[in-house]
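One-letter residues, chain by chain:
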Amino acid sequence: MIAPLFIALTFAAALGSGIMAGLFFVFSTTIMAALARLPAGDGAAAMNAINVVILNPLFLTAFMGTALICAILAVKAIIGWSEPGSAWLLAGSLLYIVGILLVTMIFNVPLNDALAAAGPETSEGASLWTRYLAEWLPWNHVRTVSGIASLACFIMALR
């Protein structure tokens, strides 16, 4: 009974990693480039609106639910280290937890908070927008690559 549970959790972690990788990929390749073409105040205002709307139950379930599943799978991988696929489980879990969850909390969210606090209509908000784009986007690339790599690891763990 335990093996099917961990197979289901690994499958769910793969799905969650893929969903997050796709979301971050779209930001890296499209959304941020489109916002950068707008006047600074408009781009900052649009990003602030996105940052408010994205904090919805469906997104938070996928984002935080996948992190919780990854934490469970990491413990399972360590406890059952000699079992096939354990290294893949641990790698996928750490890639998600460090490369997506922690990067988001340490880098992207503080930048989002600073942008919201500055207000897009102020000169501070407009000048922050240039710095925001330069700092936020590389960390989003890290999240994108981490999500893709995490997904690949979970697929390998299921083999």
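For the structure, see preceding data.
Residues numbered from 1 in each chain as written. Predicted model: local features only at pLDDT ≥ 70, side-chain atom pairs only at ≥ 80, totals over all residues. Heavy atoms only, no water.

Undergrad: Teacher, can you tell me more about helix 3 (residues 57-79) here?
TA: The periodicity of an α-helix, 3.6 residues per turn, causes residues three or four positions apart to be oriented the same way. Compared with the 33 Å implied by 1.5 Å per residue over 23 residues, the 32 Å span of helix 3 between its first and last C-alpha is a close match. Those residues of helix 3 that are buried are in contact with helix 1 (2-36), helix 4 (86-118) and helix 5 (123-157). With a side-chain oxygen lying 3.0 Å from the backbone nitrogen of Leu58, the N-terminal cap of helix 3 falls on Asn56. (Helix = DSSP H or I, 4+ residues; strand = E, 2+ residues; numbered from the N terminus. Expected span 1.5 Å × (residues − 1). Contact = heavy atoms within 4.5 Å. Polar contact = N/O pair within 3.5 Å; in protein donor to acceptor, adjacent residues only side chain to side chain.)

Undergrad: Please explain the packing of aromatic side chains as it appears in this structure.
TA: Summed over all chains, the structure comprises five aromatic pairs. Ring pairs connect the aromatic residues Phe27, Trp129, Tyr132 and Trp136, which therefore count as one cluster. Here the basic side chain of Lys76 rests over the ring of Phe6, its NZ or CZ set 5.3 Å away from the ring centre. (Phe/Tyr/Trp six-rings, centres within 6.5 Å; stacked < 30°, edge-to-face > 60°. Lys NZ or Arg CZ within 6 Å of the ring centre and 35° of its normal.)

Undergrad: I'm lost on the packing of helix 1 against helix 3 in this one. Help?
TA: For any two helices packed against each other, the geometry comes down to the angle between their axes and how far apart the axes lie. Two elements in contact, helix 1 and helix 3, have axes whose closest approach is 9 Å; the angle formed by their N-to-C orientations is 135°. In terms of their interaxial angle, helix 1 and helix 3 are classed as oblique. Crossing handedness for the pair helix 1 and helix 3: left-handed. When helix 1 is examined against helix 3, the residues Phe6, Leu9, Thr10, Ala12, Ala13, Gly16, Ser17, Met20, Leu23 and Phe24 are found in contact with a partner set consisting of Phe59, Ala62, Phe63, Thr66, Ile69, Cys70, Ile72, Leu73 and Lys76. Taken together, the residues of the contact of helix 1 with helix 3 break down into 14 nonpolar, four polar and one charged. (Axes fitted to C-alpha atoms, helices over the stretch in contact; angles between N-to-C directions. Parallel < 35°, antiparallel > 145°, perpendicular 65-115°, else oblique. Left-handed = near helix turned anticlockwise from the far one by under 90°. Nonpolar A, V, L, I, M, F, W, Y, C, P; charged D, E, K, R; others polar.)

Undergrad: Help me understand helix 5, please; the structure alone is not making it clear to me.
TA: In this model, helix 5 (35 residues) spans 50 Å end to end at C-alpha, consistent with the 51 Å of a helix rising 1.5 Å per residue. At Tyr132, helix 5 shows its maximal bend, which comes to roughly 30°. (Bend = angle between axes of the 7 residues up to and from the residue.)

Undergrad: Sorry if this is basic, but what is going on with the pattern of salt bridges here?
TA: For the structure shown, the criterion picks out two salt bridges. Between Lys76 and Glu83 there is a salt bridge, with its nearest N and O atoms 2.4 Å apart. Here Arg131 ties to Glu135 by a salt bridge, and the two come within 2.9 Å at their closest N and O atoms. In this pair, Arg131 and Glu135 both sit in helix 5, four residues apart, roughly one turn of the helix. For Arg131, a relative accessible area of 41% translates into the label partly exposed. (Salt bridge = Lys/Arg side-chain N within 4 Å of Asp/Glu carboxyl O. Buried < 20%, exposed > 50% of the residue type's maximum accessible area, 1.4 Å probe, protein only.)

Undergrad: Is there a simple way to explain the packing of helix 4 against helix 5 in this structure?
TA: Interhelical geometry of helix 4 versus helix 5 gives an angle of 165° and a closest axis separation of 8 Å. On the basis of their axis angle, the class for helix 4 and helix 5 is roughly antiparallel. Seen from above, helix 4 lies across helix 5 with left-handed handedness. The residue makeup of the contact of helix 4 with helix 5, split by class, is 23 nonpolar, eleven polar and four charged.

Undergrad: Even after reading the chapter, I still don't get the nonpolar core, so can you show me in this structure?
TA: Ranked by internal contacts, the top residues of the largest apolar core, which has 22 residues, are Met20, Phe63, Leu73, Tyr96 and Phe154. Per element, the largest residue contribution to this core is nine residues, and it comes from helix 3. Not counting residues up to four positions away in its chain, the partners in contact with Leu73 are Phe6, Leu9, Thr10, Ala13, Leu89, Ser93 and Phe154. Counting residues in each nonpolar core, the second largest holds 13 residues, with Met32, Leu115, Ala118 and Trp129 among its members. (Core = buried A, V, L, I, M, F, W, Y, C linked by side-chain atoms within 4.5 Å.)

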